[in-house]
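What follows is each chain in one-letter form.
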Amino acid sequence: MVVKLIDIAKVIRSKNSGPFELTFDIIFKDEEIYKKVKGKKAINSELIKKLYRISEDKIIGIFYFDPALAVKFTIVRPLPAGYLGETDIYGAQQHAPLLAAQLEL
Amino acid sequence: MEKVKILSPTAILGYGFPVKSFEAGLNKRPDVIAVDAGSVDPGPYYLGAGKSFTQRAAVKRDLYYMLKASAELKIPVLIGTAGGAGGRVHLMEVVEIIQELASENKLSFKMAVIDTEIDKEWLKEKVSHGKTKPLGNLPDLTVQEVEEAVRIVAQAGMEPFIKALEAGSQVIVAGRAFDPAVFAAYPVAQGFDVGLSLHLGKILECAAIATEPGSGSDCLMGEIDLEGFVVYPLNPERRATPLSVSAHSLYEKTSPFELHGPGGKLDLAQVNFQAVDDRTVRVTGTKFIKTPEYWLKIEGVKRVGFRAISIAGSRDPKFIENFREIALGVKKRVEDNFPELKGKYYLNFIPYGINGVMGELEPENKLSHEIGIVMDVVAEDKNTAEQILSFARSTMLHYGFPGRISTAGNLAFPFSPSDIPVGDVYNFSIHHLVEVDNPEILFPVEYFEVGG
């Protein structure tokens, strides 16, 4: 079954975790769907590498956090917040590619 | 003491809160009011320029209610990361507001001021003895980086706050501080568990953001006992749920299972979030793991230059299609025209409508029917920045490109003047850890009798 992430998530957000990292939180609508995503490890480094066009070494971690029905992943910022040429000081608009993501469940 | 009640009025001092929520919090008889006043999120400018991202009048408004409540209930008020960035100049601005409020409202109290700006000589010594290490993917700290930094602050832990509380201070204001420390200091001083106190602090630091619906400008109450803590909002329109509170444990940090701070880390792997009623959540199971050495996070910025920008738009499909080549061509023309300034300026175009938000992380590759362009120039001084910007702007306005039939001008400018001086630009140059022997000595606490 292929599902759109936007149809099964309640929250999809990005934010700085300090000036040198971007962190992404995906919080699912219910426990059943969260468990399916977690069981299949549907949010994984392959997906992140493809969506953000980054290499494995830029992924700091992927975490499934049961109490919040959430998946979190953190990547190295292409440029530190506020650096010359950097375009998103808070990192709050880097979630967009996740809105179009599809998962195989 | 079996229980400590902590009132968090707002996510950032100056973001405001409804008076009704705050009064509902006071009716619960809190033992302490604590607030976080800053963040590194607005970028390097504020630490560098010595300014706050909050407005003085808004900070004064929030402090008015907090100081009045503190006087009436005879409870301490703790403020961390004063003035947004927590440098000495930021700290002194908040101290001045507090003194002003005390004299206007005839309040008198003992105030503790904790300076967390770092002495460069002390830090250079640490660097040369290998007592610093980078956070994330930064290079090792060098003596030169320390010298070039405009201002360096360290994130204080709970120790100086506890010291100030034990000295009987009613108002405690600190420079840069670990966000949860201002909330955790009082319960830890009363003997409550460090892990639970810091985790409660982590949730309280953004106030009602951890509720549904969330808000950074509304109050949140926390009550800690010997086995755990509860949090609940004071506005009847909000609810704290196991999901809203646990989701906040994720917020703005690398991992949901570990939260590193001064002297150790919080282990959240065994945490339990349970609904007490439909608006209150109980949390248990957080552990604090002390590190053998005591590491502090330090933040520093250096000045990069002066920025001037211009904002323009295009609605011409051929111009948009050729934008990358046009931008390169304009840069080339600027180089040709000012060979003597080579290497002395930075020129960049941010094309909104062509991956302006995500840059190299953008997976899409489609063109918009109109684009916005921000021309960004940074140079050592204002004159050079304005000179380069003016030339780049007029060159792009009249630049010839394949298929151009609109020969009157390529750009729509929404403003006159079209060129805007922005000010000094800074970069985060220090984001490291430093090992300290005694965190109390590093952060001197000064005491003042205010008012009276």
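Not measured: the values here are computed from a predicted model.

Thoughts on the overall build of chain B
- Helix and strand counts for chain B come out as 14 helices and 19 strands.
- Its C-alpha atoms give chain B principal-axis dimensions of about 80 × 50 × 50 Å.
- Scored against the burial criterion, the 452 residues of chain B give a buried share of 57%.
- Considering only intrachain contacts with a sequence separation of at least 6, the fraction spanning at least 24 residues in chain B is 78%.
- As displayed, chain B has an accessible area near 18,900 Å², and 50% of this comes from carbon and sulfur atoms.

Details of unusual backbone geometry
Residues and elements named next belong to chain B.
- For the bond running from glutamate 212 to proline 213, omega is -10°, close enough to zero to count as cis.
- For proline 213, the location among the structural elements is in the loop between α9 (194-204) and β8 (220-224).
- With a phi close to 55°, lysine 74 is a non-glycine residue in the positive phi region.
- Judged by relative accessible area, lysine 74 falls into the exposed class, the value being 69%.
- Even without a glycine there, the phi angle at lysine 106 is positive, about 55°.
- The residue lysine 106 is located in the loop between α4 (88-104) and β4 (109-114) in this model.

Let's talk about the sheet that holds strand β3 (residues 77-84) of chain B
Residues and elements named next belong to chain B.
- Here 10 strands make up an open sheet; going across it, the order is β12-β13-β9-β8-β1-β2-β3-β7-β4-β19 and the pairing mixed. At either margin of the open sheet sits one strand with a lone partner, and together these are β12 (272-277) and β19 (445-450). Going from strand to strand, the sheet's axes swing by 25° on average, the running direction of each strand aside.
- Contacts between helix α7 (residues 159-166) and the sheet are confined to β3, β4, β7 (171-174) and β19, with β19 contributing the most and set at about 40° to the helix.
- Relative to β12, helix α10 (residues 242-250) is tilted by about 145°, and along the sheet it contacts β9 (229-233), β12 and β13 (280-284).

Points about the interface of chain B and chain A
- Across the boundary between the two partners, chain B contributes 41 residues, which contact 42 residues of chain A.
- In this assembly, chain B packs against chain A so that about 3,500 Å² is buried in total across both faces, 66% of it on carbon and sulfur atoms.
- Along the contact surface separating chain B from chain A lie 1 salt bridge.
- For A:Lys15, the salt bridge is made with B:Asp41, and the minimal N-O distance between the two is 2.9 Å.
- Secondary-structure elements contributing two or more residues to the side of chain B that touches chain A are α10, β15 (294-314), β16 (345-352) and β18 (419-436) of chain B.
- No other element matches α10(B), which puts 6 residues into the side of chain B that touches chain A.
- Within the side of chain B that touches chain A, the residues separate by chemical class into 24 nonpolar, 10 polar and 7 charged.

Focus on helix α3 (residues 45-52) of chain A
Residue and element names in this part refer to chain A.
- By the burial criterion, the buried members of α3 are Ser45, Leu47, Ile48, Leu51 and Tyr52. All buried residues of α3 project into a common sector of 160° when viewed along the axis, lining one side. Facing away from the buried side of α3 by over 90 degrees, the exposed positions are Glu46 and Lys50.
- Packing partners of the buried residues in α3 comprise β3 (21-28), β4 (59-65), β5 (70-76), α4 (96-99) and β6 (102-104).
- Looking one or two residues beyond α3, the residue adopting positive phi is arginine 53, at roughly 50°.

A short note on the nonpolar core
All names here are of chain B.
- Within the largest apolar cluster, 67 residues are counted, with the highest numbers of intra-cluster contacts made by Leu78, Leu123, Phe161, Val231 and Ile298.
- For this core, the element with the highest residue contribution is helix α8 (residues 181-189), accounting for 7 residues.
- Residue contacts for isoleucine 298: discarding those within four places in its chain leaves Ile118, Leu123, Leu141, Ile152, Val153, Ala154, Ile430, His431, His432 and Val434.

Points about the sheet that holds strand β2 (residues 9-16) of chain A
Residue and element names in this part refer to chain A.
- Sheet architecture is open: 4 strands sit in the order β2-β3-β5-β4, paired in antiparallel fashion. At either end of the open sheet lies a strand with only one pairing partner, and these are β2 and β4. Averaged over neighbouring strand pairs, the angle between their axes works out to 10° when direction is ignored.
- Helix-sheet contacts for α3 involve β3, β4 and β5, and the interaxial angle to β4 is about 125°.

Things to note about the UniProt feature "domain: Acyclic terpene utilisation N-terminal" (unreviewed entry) in chain B
- The UniProt feature table records "domain: Acyclic terpene utilisation N-terminal" (unreviewed entry) at residues 88-396 of chain B.
- With 34% helix and 28% strand, the stretch residues 88-396 of chain B has end C-alpha atoms that lie 44 Å from each other.

Side note on the pattern of salt bridges
Residue and element names in this part refer to chain B.
- With the rule as written, the count across this model stands at 35 salt bridges over all chains.
- For the salt bridge of arginine 238 with aspartate 218, the shortest nitrogen-to-oxygen distance reads 2.8 Å. Of the two residues, arginine 238 is situated in the loop between β9 and α10 and aspartate 218 in the loop between α9 and β8; the sequence distance between them amounts to 20 residues. Each member of the pair arginine 238 and aspartate 218 is classed as buried.
- Each member of the salt-bridge network shares a partner with another, and the members are Arg56, Lys60, Glu96, Glu100 and Glu104.

Let's talk about the layout of surface pockets
- If you add up the space inside the second largest pocket, you get close to 650 Å³.
- Lining the second largest pocket are 28 residues, with A:Gly85, A:Thr87, B:Asn355, B:Gly359 and B:Glu360 positioned closest to its centre.
- Secondary structure elements with two or more residues in the lining of the second largest pocket: α12 (323-337) and β16 of chain B.
- Taken together, the residues of the lining of the second largest pocket sort by class into 14 nonpolar, 8 polar and 6 charged.

Some thoughts on the packing of aromatic side chains
- Under the defined criterion, the tally for this structure stands at 16 aromatic pairs over all chains.
- Note on A:Phe24 and A:Tyr52: the rings are 5.0 Å apart at their centroids and 50° apart in plane angle, and the pair reads as tilted. One end of the pair, A:Phe24, is in strand β3; the other, A:Tyr52, is in helix α3, with 28 residues separating them in the sequence.
- Ring centres of B:Phe338 and B:Phe391 lie 5.2 Å apart, and the angle between their planes is 80°; on these two criteria the pair is classed as edge-to-face. Taken as a pair, B:Phe338 in the loop between α12 and β16 and B:Phe391 in helix α13 (residues 382-397) lie far apart in primary sequence, 53 residues in all.
- Residue classification places B:Phe391 among the buried positions, given a relative accessible area of 16%.
- Here the aromatic cluster, defined as three or more aromatic residues joined through ring pairs, consists of B:Phe17, B:Phe22, B:Tyr64 and B:Tyr65.

Analysis parameters
- Residues numbered from 1 in each chain as written.
- Chains lettered and ligands numbered in written order.
- Predicted model: local features only at pLDDT ≥ 70, side-chain atom pairs only at ≥ 80, totals over all residues.
- Heavy atoms only, no water.
- Helix = DSSP H or I, 4+ residues; strand = E, 2+ residues; numbered from the N terminus.
- Buried < 20%, exposed > 50% of the residue type's maximum accessible area, 1.4 Å probe, protein only.
- Contact = heavy atoms within 4.5 Å.
- Areas by Shrake-Rupley, 256 points an atom, 1.4 Å probe, with all protein chains shown as cover.
- Pairing = 2+ DSSP bridges.
- Axes fitted to C-alpha atoms, helices over the stretch in contact; angles between N-to-C directions.
- Buried area = accessible area lost by both parts, 1.4 Å probe.
- Salt bridge = Lys/Arg side-chain N within 4 Å of Asp/Glu carboxyl O.
- Nonpolar A, V, L, I, M, F, W, Y, C, P; charged D, E, K, R; others polar.
- Arc of directions from axis to C-beta.
- Core = buried A, V, L, I, M, F, W, Y, C linked by side-chain atoms within 4.5 Å.
- UniProt positions renumbered as here; feature names shortened; annotations may be inferred.
- 1 Å grid on protein atoms, 1.4 Å probe; cavity = no way out; pocket = protein on both sides within 12 Å on 5 of 7 lines; lining within 4 Å.
- Points joined across faces, edges and corners; volume = space filled by probe spheres on them.
- Phe/Tyr/Trp six-rings, centres within 6.5 Å; stacked < 30°, edge-to-face > 60°.

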